[in-house]
Amino acid sequence: MLRLAAFAVTSALATAAAGPLPPLPLGQLLAAPDRLTMTMADTGNRQLDREYKLECGPVGGDHPEAEGACARLDQFAAEGRNPFVPVPPDQICTKQYGGPATARVTGTWNGHKVNATFRRTDGCEIKRWDELEPLLPSGRS
């Protein structure tokens, strides 16, 4: 018992002599990487109509613009904005049609579950889609 106490005191003194330790980036160590799946359809471009996988932190997956997509998501996080929330039902939107393209995004972003659908059916939905480029490849017909 005396040896254990002596070891504890010696360890504490050695740690104090070495100086304070830098803070650990616990948020980064504990945070799971972002993992998203985007399913594109009816874009008018057969090469775009497929499923894309994206991982951020570190960047990975088969998304054609993975680094840019992760950077865009980081920008949303820094601004405190969630790009996956739907357009509010009482939002007034222009009656323009951006084509039949659809996208579904599922997975995890910024520690939250994502299950969002995107269309280009009016001005609000077109803006919502366009703000996510390059995460969502261009859905312009």
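Structure first, text after, so check above.
These numbers were taken from a predicted model, which means no experiment stands behind them.

Rules of the game
- Residues numbered from 1 in each chain as written.
- Predicted model: local features only at pLDDT ≥ 70, side-chain atom pairs only at ≥ 80, totals over all residues.
- Heavy atoms only, no water.
- Pairing = 2+ DSSP bridges.
- Helix = DSSP H or I, 4+ residues; strand = E, 2+ residues; numbered from the N terminus.
- Contact = heavy atoms within 4.5 Å.
- Axes fitted to C-alpha atoms, helices over the stretch in contact; angles between N-to-C directions.
- Disulfide = S-S within 2.5 Å.
- Buried < 20%, exposed > 50% of the residue type's maximum accessible area, 1.4 Å probe, protein only.
- Polar contact = N/O pair within 3.5 Å; in protein donor to acceptor, adjacent residues only side chain to side chain.

Moving on to the sheet that holds strand S4 (residues 102-109). If you walk across this open sheet you meet the 5 strands as S3-S2-S1-S4-S5, and the pairing is antiparallel. Both outer strands of the open sheet, strand S3 (60-61) and strand S5 (112-119), are each paired with one neighbouring strand and no more. Here strand S1 (residues 34-41) pairs with strand S2 (residues 51-56) via 6 bridges, running antiparallel. From the neighbouring strand, threonine 39 faces S2, where its bridge partner is glutamate 51. Contacts from helix H3 (residues 66-79) reach S1, S2, S3 and S4 within the one sheet, and its direction differs from that of S2 by about 60°. Across the sheet, helix H4 (residues 123-131) touches S1, S4 and S5, and the angle it forms with S5 is around 125°.

Turning our eyes to something else, we now look at the state of the cysteines. Under the defined criterion, the tally for this structure stands at 2 disulfides. Disulfide pairing places cysteine 93 opposite cysteine 124 at an S-S distance of 2.0 Å. Given an S-S torsion of about -100°, the disulfide between cysteine 93 and cysteine 124 has left-handed geometry. Separated by 31 residues along the polypeptide, cysteine 93 in the loop between H3 and S4 and cysteine 124 in helix H4 bring together distant segments of the chain. By relative accessible area, cysteine 93 is classed as buried at 19%. Cysteine pairing in the chain follows 1-2, 3-4, where each cysteine in a disulfide is numbered by its order in the sequence.

Let's shift gears to the environment of serine 138. Its location among the elements puts serine 138 in the segment after H4. For serine 138, a relative accessible area of 27% translates into the label partly exposed. The spacing of serine 138 and asparagine 45 is 93 residues in sequence and 9.9 Å in space, taken between C-alpha atoms.

By secondary structure assignment, the location of arginine 128 is in helix H4. For arginine 128, the side chain forms a polar contact with the main-chain oxygen of phenylalanine 84, separated by 3.5 Å. With residues up to four places along the chain from it excluded, the contact list for arginine 128 reads Pro83, Phe84, Val85, Pro86, Val87, Ala116, Thr117 and Phe118.

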